[in-house]
Structure formats: structure tokens, C-alpha cells
There are 2 protein chains.
Amino acid sequence: MKRILTIITAVGLLSSVSAQNPADYVNPFIGSDNYGTTNPGAIVPRGMISAVPFNVSGRPNKHEKDSDWWSTPYSNVNETFTGFSHVNLSGVGCPDLGTIILMPTTGELKTSPGEYATSYSDEEAEPGYYSNKLTRYDIKTEVTASVRSAVNRYTFPAGQANVLLNLGLGLTNEQDGYLRITSNNEVEGFRTVGSFCYNSPEEIYPVYFVIKLDKKADTFGTWKKPPHYNGVEGNWMGYNGKTRLMKEYTKPLVGDSIGAYFTYHFDKETEVEVQVGVSYVSIENARENLHKEIANKHFNEIRTEAYNKWNETLSRIKVKGGTEDQKTIFYTALYHTHIHPNTLNDINGEYPTVGSGKIGHTDGTRYTVFSLWDTYRNMHQLMSLVYPDEQLGMVRSMIDMYKENGWLPKWELNSTETFTMVGDPAAVVISDTYMRGIRDFDTEMAMEAMLKSATQTENNPLRPELNEYLKHQYIPVQEEFDGSVSTTLEYGAADFAIAQMAKELGQTSTYKTFMKRAGYYKNMYDKGEGVMRPRMSDGSWFAPFSPMDGANFKPVTGFIEGTSWHYSFMVPYDAKGLIKLNGGNKKFVDKLQSVFDNGLYEPDNEPDMGYAFLFNYVKGEEWRTQKEVRKIVDHDYSNTPGGIPGNDDTGTMSAWLAFAMMGIYPDAPAVPQYTICSPYFDEITIELDSGFYSGKNFIIETVKTNRKASTIEKMELNGQPLKSYFISHNDIVKGGKLKIWLK
Amino acid sequence: MKRILTIITAVGLLSSVSAQNPADYVNPFIGSDNYGTTNPGAIVPRGMISAVPFNVSGRPNKHEKDSDWWSTPYSNVNETFTGFSHVNLSGVGCPDLGTIILMPTTGELKTSPGEYATSYSDEEAEPGYYSNKLTRYDIKTEVTASVRSAVNRYTFPAGQANVLLNLGLGLTNEQDGYLRITSNNEVEGFRTVGSFCYNSPEEIYPVYFVIKLDKKADTFGTWKKPPHYNGVEGNWMGYNGKTRLMKEYTKPLVGDSIGAYFTYHFDKETEVEVQVGVSYVSIENARENLHKEIANKHFNEIRTEAYNKWNETLSRIKVKGGTEDQKTIFYTALYHTHIHPNTLNDINGEYPTVGSGKIGHTDGTRYTVFSLWDTYRNMHQLMSLVYPDEQLGMVRSMIDMYKENGWLPKWELNSTETFTMVGDPAAVVISDTYMRGIRDFDTEMAMEAMLKSATQTENNPLRPELNEYLKHQYIPVQEEFDGSVSTTLEYGAADFAIAQMAKELGQTSTYKTFMKRAGYYKNMYDKGEGVMRPRMSDGSWFAPFSPMDGANFKPVTGFIEGTSWHYSFMVPYDAKGLIKLNGGNKKFVDKLQSVFDNGLYEPDNEPDMGYAFLFNYVKGEEWRTQKEVRKIVDHDYSNTPGGIPGNDDTGTMSAWLAFAMMGIYPDAPAVPQYTICSPYFDEITIELDSGFYSGKNFIIETVKTNRKASTIEKMELNGQPLKSYFISHNDIVKGGKLKIWLK
């Protein structure tokens, strides 16, 4: 009954748009099953806030936040709804946020999710809008958002209606919140969140909110449920472990299981709009955010603005041809690349800095949620090409973090460093951005920051294994399940990136040093096994060993989230060296092809996501790239809730798909080029940002010799034959047309 | 080694005082054992704040807050100290407050009371000052206080020194607090408290604080201990149930087990002064209270001011003669009558109102902590006689509560109504105050309030049994362990009090109605048993029954905290009627005497505390009053920690003692008289408040015919023979001398 996708619901409402708009092709349900961990909630591009249906609390839901490792507020296969959460992460693999939850109910007031949960139907979602019908209560819910504020609209039937703020409920592992009812239609407070991935458990912080209802409640109050005391004390507490309702309680209330309610008695069907403003700085800022973004605007205006923002963003790339489903997965992918990194600063420019927690100020956008181990591979390259203004802002934010904290980010979340995953990906992102010509940032400080993490051997939180890496020219196995091979390869990628930027800056000595280090990956290659293999500090190979070990995310020594097969070709910056290491073109191609043929390629995670493009480095074998990329697109992505093969990883999977479908892929981070595969559309027009690039548009035109044609026959760039399967960033951004004939 | 009482420690310090000062006779350790539940902490008269050694957490302490019903932050027989709590109740029987706890330690930082608890020695206390030595840390601690602020002074040895704010620890049953470190020497926040006696569990509220250290810390931080998760989630939390230290955390922190620390590294012995301001309105007010009361004053100045305030207060009564111990127990009793009711309003006049929690404002003092079932019997009478300004303020506060909440208080605690105990004692207090000539309050509204609780038969929180009372002219047994007899007698006392004030106001009809109701107690008297007995609604007597049932606070049907014997003579306002009911003078005297002779009198609770004075109503038997009162004073009170026979009940036991030792006792609430017993001192001078009374002093002079003389031989009032053993309030307050010859 639910999960009915209505792509176009707003035609009447949004008079300026037609059904041809890119935003109309977004299906926000894609990725909301199959561990994609995206959600259909309402959000604007890079919004701080989102209003997401929260359906992961309690059974009969298949996926339950406390009973499984569960990292998203919404699952498309779940069945019971317990509200809308207003700070959320999309496409991540660890639980956090998913809180500040509002729930509308009718009838007698219930305050426990187990008591008020309801099934739902009639789900609809489009960019900036989500709606459903709560079966048990006959309430229609709708949500929309601006950058830092959201609006919930509940259509209640006649009778008693309740709006609950359950501050105890949340996806985050962190406990406790604060709330204060300030009037019969407003509550303010904060919720403590943090401890993402259970790493850095000290990194907890408050997210502040102000919630205003557009109608004054008839009654209101708070609740608090104390923990159950088992000791003697408990005998005297008639309320031991029971929720206490506190009518008209207007003092500050703190605790783990607390909430606020506003109750109405309607004599006819009535809409209540609930505005939510958030901030990571203060309640005052949350109020200012709400006031300046929403003020007296009503739901429909905010919804229209959100839609228009999305449409404007997505229209930077226009496609013609392709099936409706192909357009849908393409634009949804582009949509997913604009959730994270997201805005951290308040409308007045304030944000919590990294480290000290002091309040910083920006005139631009302070970005947050940098899942860099993922996004360094392609997401930032997509931003540099199509949204260089955003990418510049992200790099500036990263350098500001260094200024604040003395270190570049690794997996930064709301100005906390979660130290999730391995490597030194910030260096790659900064260098890649620089190499693509986006340079209006403090390059001197950037190099200082990159070199710090690349050279400081003691107390280095970004590269804790640097000492071993430099000493052995690889990272030896130090304990079971460490990621010595993965980390060596990641350090190599970062070192290569540093070298590239150093060269460009004329720092020849640094260039040479780091290019040498970028070759250390070779020390991880076991000629006997023909793959990368963990190695002991005495140079011997780690045993027992199989390149299949570590499949399905099982812990394995040497590799992070993967097998040796998933890492053995992960040297995108030195494909030629890798080919040589593997015994030359033929052996390399055969071995790489066998990975695909033997089911050893996994499309659901990052390490091997560049594999399919490596065939392009062997002349005459480029058809394999076209074929394998097409196989992945067609097999692992679809216009269904399960249409992303694994965690979207804050848009990394989606960026892969978007590039792959355009027929160009930034295969080598910090190398300003794209390698070519076969596009899915007849014409793709990338609008170039005139603030950064000289060209107006870059067009990829595809001519098919037959309906099923998918193999490149020939190519022309601006009318000249193109023999290479690589095209430079520069060639693209000066504008022009790449014409590809498929056979 | 500990519990060394140093009565006079401040001679050198306090140059203006001599060893003869009343304040020097106070022993703050009296009542800190034997369930007296007073404490030796530092406080000023009616102070909002007190700094009390907290020694009831964990073993080997004999009395442990979580393992027993335990209602005081300090026990004199306990052995381990875990800090100073800054909001506290004195002399009560239920746990609450006992929180905002500061603890000094040395060496490695520990944040759990179980880890940092220490034994202690060298305890010293005087009014406004307490000190001890922490054995484990070699720290000397000292505390002193003003009305809303306290100062802790810790003398640390060289090395690492830590000042901890453990916001998780507390006597209160309520959980959760909020704190924020605002600089390297300041932390602010609030602690949730409430649910006194586990009654009214919804009545929780924050107490706000600002804590400033006079030296900037070298390092600082917070801690938080999450609950232990037993579910699947717990498997991923390396920190499950463990305390997390968060260095330099300056964001708001909420939760149950949270705290803040400030650490120093001293190269020599160093004093750190820690100032604590509190408020029940806001953090801002706590800061203002601290700033205006303490500002730049140092510990010694505040200590001197506190001592002087106490001395001034206690000097309203001056005694000559008696032993040192007698002077000590007398002035300590007077001291204990000035702990509660205490100040609730901030220095700017703001306070939380009852009911709505809205902020009220007073130009005077808003009093709180009204344990009226206790204090209506004698405490307020003592205030009316010696401190009429305070008593007027208390009555005004009670009437303001009615204005705010629609009801007079019963057991009011920081503007929450805990509904502890039975009856309608506010009416007695207001009438008694009026009858003693203190009338500068809104008498019209007072009568309105008194009549409301006395006549509103539905939804009456003060007299829930009013309907039954009026219907049957007694309250029948309604369920096991209800207090039907006790409540009937309490209603009678209140009705009598209302009648008295009505008569004085010329409201004759009301007077008559309520005098009739004041006689309902007779319907509880079982002639067969010769005692008060619970009765069924059909008029039959409740059975099985023994007038001994209910001893030692065992629950019993019909009586609250007592046996029939403890209640059967509790009709102080109608001794003559009671005598008649009991068969006339002889039978009455015999029966009453048998209560004392057979050990049926219990000196540790309120119901029978007037018994010894009843002999004065039978001519020729007054020697019994003198004898029994002296026996109680000599046997049940002493200059030892166990020197109060039971809960001091916010000064009620102490008020009894103070009156008894002066030789006058306000035996009948709402009757402006005192009955006479034999004084303990050669001369007692009560300084009369010229703002209320025409006399300057009232002197009770005692002439002993021999050293052990204790029986009254004759009396003169202002030189005229006094035959009666009763003296009117009016006769006292116009000044003069009562001369008593003892034989």
C-alpha cells in the first residue's frame, strides 16, 4: 500500500515548472532499501535540516535501530512510523543524528513510541517534499524544508489532536536533551548527539532547536521517564520507570527520555503547521534561522522554494534521450550528491569550530559531513566540474578546520572528527581541486596542512601509521584486523596528490619525495600471489592468506572493508606502474577481467569502484571499460528503493553513477582528467560556471547506430577526431562538444 | 578522630565578639545523628544555600543514601566524604536536594564518588562555618555562606589538585542536570530536583548555579557516564557504561551522571576559593546573586558576616545561668529554628511561583520549605513572639501561594506542593499569627483561602476527606492504613483556628459553624477503650484495634505516624472538652500520667508533643507538667550529635525545646497564650520587636531555693502574684518580667 512513488505531484502548485524539469526526475526513495541508507525526507541542496520519516523504532519493523547495526532513520521496507526526525545523515554506515522527532497523533495522549506508532500509506516524495497518511490516526502529514528550517504540516481530523516532540527518540547513540516550553505554541531546546561509529565517544555535542506551531495549543506539557531503579530506592518510587506527564511544565527539562506535547481539540478537519529551526551554535541562532528563513511563509511557499532550489541545482546538467528510468536514476544520483557535505553555519554566519567548540564565523558557507575516504574518489571531482563554487567552499572549509584544530578533516561530522576509516583523503581532495584549476583558497596553508599530516611522525591522528610507513616503505601488520595494505595504498594516493600540487607550485623537492612515496604501494604486491598482501615488519608475507578473505565486510587482516581483490588494483594514480607490476598489458587485462568474471568485484563499496575504468589504460581494451561500466549501471543501479548497491556514502555511489552515465569518469584523483565510457543519453549538457571556467557549456552528444548500441565506435572533440579515451579537465571546461558514436 | 567539636574557633578572627556570644553556644553537630537529620553545614539564617559535608554515598558509611530510606546529606556516624552539597534540607524525613556537590581531590583525576571518596578528620563547625581535613588528600576544606551564595576554601598540598563538580551525585531522587564550562574558572548550569517523599513526582524543577574559582585552572573538562546498554547496541560501544572524560569541553552538557573538573598543578601549598551562587529562577540570577553577595569578598569576610548574622539573630534571646550544655542545646535549638522556612527569592526579588512556575517578584522575602504539619504546633509561635517580622513574611508568602495557585500550602518545597502529611495546617498558622496580633497581611484573602480549603468538598487537594468529614462529623476508615483519626483531629485544629480568626473579624456565623466542627474530634473517642479509635462509616468502631498499634512508625489504620495513644490527647485547643471526654480531671490526669509512666509517650514526633503541658489545665497538677517537660528535656535532648530525639522537622523539635527551656509553651495553636513550666536559666531576656510590640523586653527570672530546684513554688508577673499557669501573648509583648521561684 505504501511506497507509491509519485514523481510529479506539484504541477498545479508550481506553476512555473513543467514535467520536463530535472527535479521532476528525482525519486527520493532510491537508496532507501538495500542499505543505500538514503531517505525520502524533505531537504534542500546542502541543507542543515531535513525532515525524514522515522520508521526504525520498534517491531514489526524489519530493521530496528536498537536491535541491529542500523544507520538511517528510514527504511523503505519498514512499516511503522514514529515521527519526523529533523537532523539526519544520508547514505552513511554508522548511526548518528536522526533526532528532534515530531509526531502527530489523535485521541488520548501517548508518549511512548511503542504506544503511538502507526502504520502509514500514500507515501509521496519529491525534492524538498515528503508526505504520507498515518493509518491509525487518519492524519495526512507533509514536510518541506529550507536550509536550516523545516515545516511540518499535519491535517488532523476533528477531535483531539496532539503534536509530540519526543526528544528521547533518536538514531544517535548519544543520550539526553534539554527542552523548555516557552508558550502554548513554542518549545526550544537541544538534543545531545555524537559518537558516530562509536569512535571518538568524547565527541558529543548539542544540536539546538526552536519549534513553533501556527496554532496555540489548548493544553500543553512535558513528560519525563526516569530509568527503572532496581535498588531499595525503587521500592518507594510509585513512578519507578514510568513516564510522568507534567502538564503546563514550562521550566527547563533535561534527561534522556523526555518530551513535550501540544494538544488541540478540533471540531473539524484542521491543518497545523509546525516550523522547526535548528542550529549547532545556540537556541538563539536556531530561532534566528527559523525567523529569517521561514518567518510568515506558509508550507506551500517553502515547498515551492525548495523545489525551485533543487531544480536550479540539478539543471546544471541537462540530458536528452535515455529512458525515463535512466533519467530518474541519473537525476536522483545528482540529487544525492547534494545532500552532504552540507551547511553547518547559521544564517548569521556562526558555526562551532572543530576542536575547541568555540564559535567561528564565515561570510560564505561552512560545510560539514566530510566522509572523505569515500568522497575523495569522485564526488569532489563532480563538484569541481559542475559546481566549482561549492567545491571551493568545501576546500575552504577543510582548510579552516586545519586552522581551528591543527589538522585537516578525515571524517568530519558537525565539527567533530570521528576518525572513521583510514588514509589521508583530505590531501587528495585539496590537490585534486587545485589541479582542476580551482585555486582561490589559501594554497600555502593547504600545503602546510597536507605536509603536516604527511610528515609528522608522532601524535599524528590522520596518519597514525606514518612512522612505520616511512620506515618500511609500507605499513607492516601490527595487529589482527588492522588495515595495513589498505592504509599503505591510501597513503600512496595522498602522497601522489601532494606531489602533484607541489609540482604545480614549483616545489620540486617535495614533488620528488612524494612521488617516491607514491610508489610504496609496490611493496605490498606479492608476485607469488599476484595481488596485494599484508606483510610483516621483517618483510615476510603475512600468512595464512587468501585474496578472497574479507568478503562481505568480514574483518580481515590487512584490508579495510574488503578483500585483497578489492584493493589490488586500487592505484588509480599510477595505472601504468600497476600494469607493469602485474606483468604487462595482457596479464593485467586478464587478471582484471577475471575479477569481474569471477564475481570478485563488489559494486557496493569504494575500494574497487575505479576498476572498470582501468581497461582504458590498455590500448584496444577500452571496450571492456564500456562493457563493465554498463553492466554495473544496469545491474546494480535502478529506479527502485534498492537501487543503490550499498551505502551511498554521502553521494559517492551516486557520483560514480552520474559520471558513468555521462560517459566520463575522473578515474585518477589529483589528475585533472576524465576517462571515457559509453554515455546513456543522446545529449548531455553541462552548464559551466562562468566564475570559474571560460566555456559556457560542455556537451556530450551520442550517436547510436542502433537502438541497443553501447560500444564506442569513434569520438570527436569539437569536430576533431579523438583517439584517446582520456579527456583533460581543461578541454572540458573551456567548453565544446564531445561527440561519441556508439555501435 | 573526627567529630571533635570546637565551639569557639573564631576568637582571633572575629575581633568584635567575645566567648559570651549566643552564636558561640551553637553546636551545629547536634541533630546530625539519631535521625535528627540536621547537619553541621555552613548556612546563614534562612539561607537559600548551605554548604554541607556530603557523606552518605557508598559504604563503609553506616547510612547510605541509596540503600536505606535516608533523608539528609550528612550523618555524624558516617566515615567517608564525597564533597559539599549546596542545596540542602535540614531536619526532614524524606530525601531531596543534597546536590550541586563540589569535591576537592589531589593526584590523578577520578570522577566516581566510589573512587575519590575519602575519610576525614578534624571536623569543626560554628554558625556559618564548617571545616574538616580530608585524610586521603591532605586537603583542609572550609565552607561558609551568605543567603544565596557559598564559598568553599580548599587548602591543597603541592602537586596536582582537582576541583570536581559532580552533578550526578545527590540526595534527591530526581535525575539529570545541565552544565556548561564558561571559562577556565567558571561553570554554570542547573540540577533537576524534586519528588520529595516520592509524592507529587511531577513536581520537579531545576536549581540553577554559577560556580567560580578564584584561580584559573591549568586544565579543565567535563565527564559523562552513559547508562549501561544491555542490548545489541551495547556490543559496539567500547565506552558502554564507562565514564568519558571530555577535556576542554565547553558546550552545554546534559545527562544524569555528568560533571566538570578544574585541575591545577601547585608547586607549594595553595588555597583555592570556590564561590557558588544558586537560584531557583535562572543561571543569570544565580550569577547576580553571587556577584552582589560575594563579589570580591574573600572567605574570611563572608565567614565573619555569616557569624555576625547568626549572633544578631540568636541574641534576640539572652540567657544567664544554666550549664554550658544547657546554653548550647538552647541556642542550637534556636539556631535550628532559623534554617527553614528559608529564602526562595533571588536578590533581585524574583522567584518561581507555585503552580505555573512563572516568575514572581517580591520586595520582601519569599519564604519556602513549609513543613506545616510540624511547624504549626510551636515553630511559628516562636517566630511570632521573638521574630514577628519573619513570621509576617512567612504568612505573606503563604497567602501569595494561594494567589498563585488557588490553595494555601501544606508541605511546600521550593514552590512545589509535595502534599506530605495530612490536615490543613496553613489555616492554623495564619490564624495563630493573627491572634498574636501580627495582622499586616491581606486578612480578607487569608480568610477566603482558609475557608476555601475548609468548605470546598470536590477536588480539594488540602482536605481530600472533607466530604466525609462533614457528612459523618468524623472521617470514617476508607482503606487500610489511612489516617482517618489523625486527619479528623487535624481538621478540628484547623477548624478551631478558622473560628478564632472569624470571631476576631466579627464573622460570627463562621465562628459558630467552625467551633461546632472543632468539636467533631469527640466522635473519634471510644468510651469503651477510653481512647481515640478509627471508626467505620456506619458508626461502628474499627476492629481489630489496640491503642498500641502503630508504634515505631509502623503503618496502622487510623493514625499517621503514631498510635492511638499518640493522638488521643492531641486536642490542644479544647483541653477542657478533652478532660470532660476522658471522665473529668482525675481520670484525665491518671490516664495522661499513665502514658508517660508506661513509656507510651514518644518524644520523637509531633502528635503527642503537647501532652506534657496538658496537666496545667488541672488545678494542682501543674507540677506534673514541670516534671514531665523536664524529663523530656533532660532525657531526650543533649549536647551530642544524637541530641534531638528524631527528625527535627524543620525546627519543630527545636522550637519545642527552646520554649520548654524558657518555661513557656504555646500549647494551644490559635490561642494567644503560653502555658508555664519550669525554666532552665536564671534569667531569660526576650528582646521584643518594636515594629510589632510595645514592650522592649520580656524577662523570665528564675529564683532557685536550691541548686536542683525545678518545681515552681510561686510566680510574679511585673511584681504581682501570678496564680495561673497561663500567660497571655499580650501580657508578654507589652514587656515586663515574669519571676518564678523554683523549689
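Just so it is clear, the structure is predicted and the values come from calculations on it, not from any experiment.

Rules behind the numbers
Residues numbered from 1 in each chain as written. Chains lettered and ligands numbered in written order. Predicted model: local features only at pLDDT ≥ 70, side-chain atom pairs only at ≥ 80, totals over all residues. Heavy atoms only, no water. Phe/Tyr/Trp six-rings, centres within 6.5 Å; stacked < 30°, edge-to-face > 60°. Helix = DSSP H or I, 4+ residues; strand = E, 2+ residues; numbered from the N terminus. Buried < 20%, exposed > 50% of the residue type's maximum accessible area, 1.4 Å probe, protein only. Least-squares fit on C-alpha atoms with pLDDT ≥ 70 in both. Contact = heavy atoms within 4.5 Å. Disulfide = S-S within 2.5 Å. Pairing = 2+ DSSP bridges. Expected span 1.5 Å × (residues − 1).

Caption draft 1: Expanded view of the packing of aromatic side chains. Residues and elements named next belong to chain A. In total, this model carries 79 aromatic pairs over all chains according to the counting rule given. For the ring pair F569 and Y611, a centre distance of 5.2 Å and an interplane angle of 80 degrees mean the geometry is edge-to-face. Here the residue F569 occupies a position in the loop between helix 14 (564-567) and helix 15 (575-581), and Y611 occupies one in the loop between helix 16 (585-597) and helix 17 (622-636), the gap between them amounting to 42 residues. Each member of the pair, F569 as well as Y611, carries the same accessibility label: buried.

Caption draft 2: Inspection of the relation of the copies chain A and chain B at higher detail. Superposing chain A onto chain B requires a rotation of 180 degrees together with a translation of 0.1 Å along the rotation axis, leaving an RMSD of 0.0 Å. The superposition operator between the copies reduces to a two-fold rotation axis. Taking the C-alpha atom as reference, chain A places G255 of chain A closest to the rotation axis, 2.7 Å from it. Most of the interface of chain A is mirrored in chain B: 100% of its interface residues are interface residues there too.

Caption draft 3: Representation of the state of the cysteines. All names here are of chain A. Summed over all chains, the structure comprises two disulfides over all chains. The disulfide partner of C94 is C197, and the gap between their sulfur atoms is 1.7 Å. Negative torsions about the S-S bond denote left-handed disulfides, and the value of about 85 degrees found for C94 with C197 makes this one right-handed. Highlighted residues: C94 in the loop between strand 3 (84-87) and strand 4 (99-106) and C197 in the loop between strand 11 (186-194) and strand 12 (204-213), separated in sequence by 103 residues. C197 shares its class with C94; the two are buried.

Caption draft 4: Seen up close, the sheet that holds strand 24 (residues 411-413) of chain B. Residues and elements named next belong to chain B. The antiparallel open sheet is built from three strands, whose spatial order is 23-24-25. Two strands lie at the open edges of the sheet, namely strand 23 (370-371) and strand 25 (416-417), each paired on one side alone. The sheet contact formed by strand 23 and strand 24 spans two bridges and is antiparallel. From the neighbouring strand, F370 faces strand 24, where its bridge partner is E412.

Caption draft 5: Quick look at helix 5 (residues 324-336) of chain B. Residues and elements named next belong to chain B. Between its first and last C-alpha atoms helix 5 spans 18 Å; for 13 residues at 1.5 Å apiece the expected length is 18 Å, and the two agree. Burial runs high along helix 5: 11 of the 13 residues are buried. For helix 5, the set of buried residues is Q326, K327, T328, I329, F330, Y331, T332, A333, L334, Y335 and H336. Those residues of helix 5 hidden inside the fold are in contact with helix 4 (299-314), strand 18 (317-320), helix 7 (379-386), helix 17 (622-636) and helix 18 (652-662).

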